[in-house]
2 protein chains.
Amino acid sequence: MGLSYAEENYLKAILKLSGSPDGTVSTNAIAAQLDTSAASVTDMLKKLSDKELITYQRYKGASLSEEGQRVATSLLRKHRLWEVFLVQSLGMTWDEVHEIAEELEHIQSDRLIERLDNFLGHPKFDPHGDPIPNKQGRYTLRAQIPLSTLVSGQSGMIIGVKEDDSPFLKHLNDKGLSIGKIVRVLTIDEYDHGLLLRMEGDDVVLSGQVADHILVKPVA
Amino acid sequence: MGLSYAEENYLKAILKLSGSPDGTVSTNAIAAQLDTSAASVTDMLKKLSDKELITYQRYKGASLSEEGQRVATSLLRKHRLWEVFLVQSLGMTWDEVHEIAEELEHIQSDRLIERLDNFLGHPKFDPHGDPIPNKQGRYTLRAQIPLSTLVSGQSGMIIGVKEDDSPFLKHLNDKGLSIGKIVRVLTIDEYDHGLLLRMEGDDVVLSGQVADHILVKPVA
DNA sequence: AATATTTTTTAGATTAATCTAAATTGAGCT
DNA sequence: AGCTCAATTTAGATTAATCTAAAAAATATT
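Since the model is a prediction, treat every value here as computed from it, not as a measurement. (Residues numbered from 1 in each chain as written. Chains lettered and ligands numbered in written order. Predicted model: local features only at pLDDT ≥ 70, side-chain atom pairs only at ≥ 80, totals over all residues. Heavy atoms only, no water.)

Examining the overall build of chain A
Turning to step 1, where the next piece is worked out: On a plain count of helices and strands, chain A comes out with eight helices and eight strands.
Turning to step 2, where the next piece is worked out: Overall, chain A is about 55 × 40 × 25 Å in size when its C-alpha atoms are taken along their principal axes.
Turning to step 3, where the next piece is worked out: Taking all 220 residues of chain A together, the buried fraction comes to 43%.
Turning to step 4, where the next piece is worked out: As presented, chain A carries roughly 11300 Å² of accessible surface, and 50% of it is formed by carbon and sulfur atoms.
Turning to step 5, where the next piece is worked out: Charged side chains of chain A number 24 positive and 32 negative; the gap between the two group centres comes to 6 Å. (Helix = DSSP H or I, 4+ residues; strand = E, 2+ residues; numbered from the N terminus. Buried < 20%, exposed > 50% of the residue type's maximum accessible area, 1.4 Å probe, protein only. Areas by Shrake-Rupley, 256 points an atom, 1.4 Å probe, with all protein chains shown as cover. Lys, Arg positive; Asp, Glu negative; His and termini not counted. Charge placed at Lys NZ, Arg CZ, Asp CG, Glu CD.)

Here you go:
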């Protein structure tokens with residue numbers, strides 16, 4: 001028997017919040033992540049615990065079991081593969097694909113996903129620069145650091161973002177920033193940490209907060 | 001606000017059963033189609049009527065409203081476009097795509113569907129030979145007749161099937177029958193109406209019932 | 001250590017979709 | 001017109017997921 005959308009979303013939230021695949025997560029943190037009440041979370045944690053998808057102790061929080069990790073990682077894999085498809089094949093923009101992938105990730109068919117993976121050429125990263133777990137749930141970690149940590153004169157290739165929300169991604173798009181682009185830091189404001197960047201000849205101004213949420217790979 | 005999966009499935013069932021986009025459908029027919037109880041159907045018909053997606057009169061049956069037709073046809077469009085994608089792009093077989101498309105058709109995004117349609121080259125028919133409604137809900141009807149109506153010596157190109165269920169499609173696959181193949185009727189059994197066909201040099205035997213569910217376009 | 005605060009859980013209700021069993025309606029047949 | 005029977009609807013329950021408000025446990029503060 002498959003899991004419900006709700007159950008799957010809880011597992012994803014726990015994986016996301018635990019950061020490390022292991023690690024325990026509080027009821028309130030999950031409630032905030034899923035924008036629901038703590039009481040609902042408690043109910044669901046009991047159910048997931050009964051199904052042995054998580055380890056749960058009253059008042060102590062929850063962590064994914066082996067099986068729970070498997071399921072959650074598989075959802076991540078599906079989500080990210082669909083995002084690649086939407087951007088690469090259908091030509092959608094990276095700021096509009098997240099919500100659609102949020103629905104597509106629940107489609108039930110292992111065969112479909114393996115075919116899709118093959119069709120896309122086994123990509124290792126999604127359009128936001130996040131790594132795509134392989135069939136076994138393993139994924140490469142990429143050397144990525146916030147753009148805000150570069151020093152004046154240094155260059156970096158944009159490989160991802162920390163925030164997934166649409167307004168933020170749209171903001172980047174508007175500035176011409178996207179995956180693969182190489183930027184060079186011209187100046188950094190000492191007071192507010194705002195950046196002046198040069199990208200493909202154009203100069204772009206970026207606030208410190210925004211630069212903090214853009215991930216780059218340093219380039220020689 | 002979008003509709004629930006359940007509501008969408010009822011609209012699809014009504015469209016399918018009414019044959020002609022108009023035409024009224026009985027409670028029991030819907031219950032049989034969706035493999036549910038008549039009582040459940042009554043509940044749902046009331047709800048859909050409140051939302052003005054159908055016209056419904058107690059004890060008299062239901063028919064789609066303008067808006068209901070729009071929604072149901074759009075579902076058909078999505079279902080069939082996804083089937084084309086699964087077969088054409090991912091290389092799946094026509095007997096395994098129906099159930100997956102059954103899930104994919106509920107994904108909410110008009111932009112996604114228009115992009116997919118474009119990506120696929122605006123196909124007019126799905127892998128089962130069924131016409132794909134355009135954005136406005138209109139679709140071409142193709143001159144298609146059951147294989148069982150051909151007479152001895154006549155040839156036809158396979159363009160579709162009446163049954164969508166997997167065992168049936170698998171059966172055809174096993175016999176080497178698929179969309180686009182041209183078959184010639186060699187003999188027809190007078191007693192049980194079984195057929196002997198020639199296809200690409202090979203001879204294939206088919207029961208009358210099966211031939212009745214295969215759609216062909218007569219070929220000179 | 002005792003108290004105050006925060007977090008989490010329990011209790012009790014609600015909504016959507018479904019079920020079974022019983023009552024009602026409509027249609028066909030003498 | 002009256003009767004019978006199938007089709008349909010109503011009544012009353014059930015399950016999953018959610019909510020609010022109140023109680024209980026854990027944590028922090030004095």
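Notes on the protein's contact with DNA strand C
Turning to step 1, where the next piece is worked out: Surveying the vicinity of DNA strand C reveals 19 residues, the closest of which are Lys46(A), Tyr56(A), Thr36(B), Ser40(B) and Lys47(B).
Turning to step 2, where the next piece is worked out: Within the contact set of DNA strand C, a phosphate oxygen lies 2.7 Å away from a side-chain nitrogen or oxygen of Lys46(A).
Turning to step 3, where the next piece is worked out: Between a sugar or linking oxygen of DNA strand C and a side-chain N or O atom of Tyr59(B), the distance comes to 3.3 Å.
Turning to step 4, where the next piece is worked out: Of all the secondary-structure elements, those providing two or more residues to the surface near DNA strand C are helix H2 (27–34) and helix H3 (38–50) of chain A together with helix H3 (38–50) of chain B.
Turning to step 5, where the next piece is worked out: Of the residues that constitute the surface near DNA strand C, the class distribution is seven nonpolar, eight polar and four charged. (Near = heavy atom within 4 Å. Polar contact = N/O pair within 3.5 Å; in protein donor to acceptor, adjacent residues only side chain to side chain. Nonpolar A, V, L, I, M, F, W, Y, C, P; charged D, E, K, R; others polar.)

Some words on the pairing of strand E4 (residues 155–161) of chain B
Residues and elements named next belong to chain B.
Turning to step 1, where the next piece is worked out: Burial analysis of E4 places six of its seven residues in the buried class, the great majority of the element.
Turning to step 2, where the next piece is worked out: With three bridges joining them, E4 and strand E5 (residues 182–188) adopt antiparallel strand pairing. Directly across from Ser-155, in E5, lies its bridge partner Arg-184.
Turning to step 3, where the next piece is worked out: Inspection of the sheet shows E4 paired to strand E8 (residues 214–219) by six bridges, in the antiparallel sense. Bridging across to E8, Met-157 finds its partner in Lys-217. (Pairing = 2+ DSSP bridges.)

Some points on the domain arrangement of chain A
Residue and element names in this part refer to chain A.
Turning to step 1, where the next piece is worked out: Segmenting chain A into domains produces domain 1 (5–64), domain 2 (74–141) and domain 3 (145–219).
Turning to step 2, where the next piece is worked out: Measuring from the centre of the C-alpha atoms in domain 1 to the corresponding centre in domain 2 gives 24 Å.
Turning to step 3, where the next piece is worked out: At the junction of the two partners, domain 1 supplies five residues and domain 2 supplies seven residues.
Turning to step 4, where the next piece is worked out: Of the roughly 610 Å² buried where domain 1 meets domain 2, counting both sides, 53% is carbon and sulfur surface.
Turning to step 5, where the next piece is worked out: Looking only at domain 1, the three residues that lose the most surface to domain 2 are Tyr-5, Glu-8 and Lys-12, adding up to 76% of its buried area.
Turning to step 6, where the next piece is worked out: Across the domain 1-domain 2 interface, the total number found is two salt bridges. (Domains from an automatic or database assignment. Contact = heavy atoms within 4.5 Å. Buried area = accessible area lost by both parts, 1.4 Å probe. Salt bridge = Lys/Arg side-chain N within 4 Å of Asp/Glu carboxyl O.)

Thoughts on the sheet that holds strand E5 (residues 182–188) of chain A
By way of backbone hydrogen bonds, the strands of a sheet pair with one another, either parallel or antiparallel.
Residue and element names in this part refer to chain A.
Turning to step 1, where the next piece is worked out: Read from one edge to the other, the open sheet built from six strands follows the order E3-E8-E4-E5-E6-E7, with strand pairing classed as antiparallel. Both outer strands of the open sheet, strand E3 (145–146) and strand E7 (202–206), are each paired with one neighbouring strand and no more.
Turning to step 2, where the next piece is worked out: Strand direction decides the pairing type here: strand E6 (residues 195–199) and E7, joined by five bridges, are antiparallel. By the bridge assignment for E7, Arg-198 is matched with Asp-203.

Remarks on the sheet that holds strand E3 (residues 145–146) of chain B
Turning to step 1, where the next piece is worked out: The sheet built from six strands is open, its strands ordered E3-E8-E4-E5-E6-E7 (chain B) with antiparallel pairing. Both outer strands of the open sheet, E3 and strand E7 (202–206) of chain B, are each paired with one neighbouring strand and no more.

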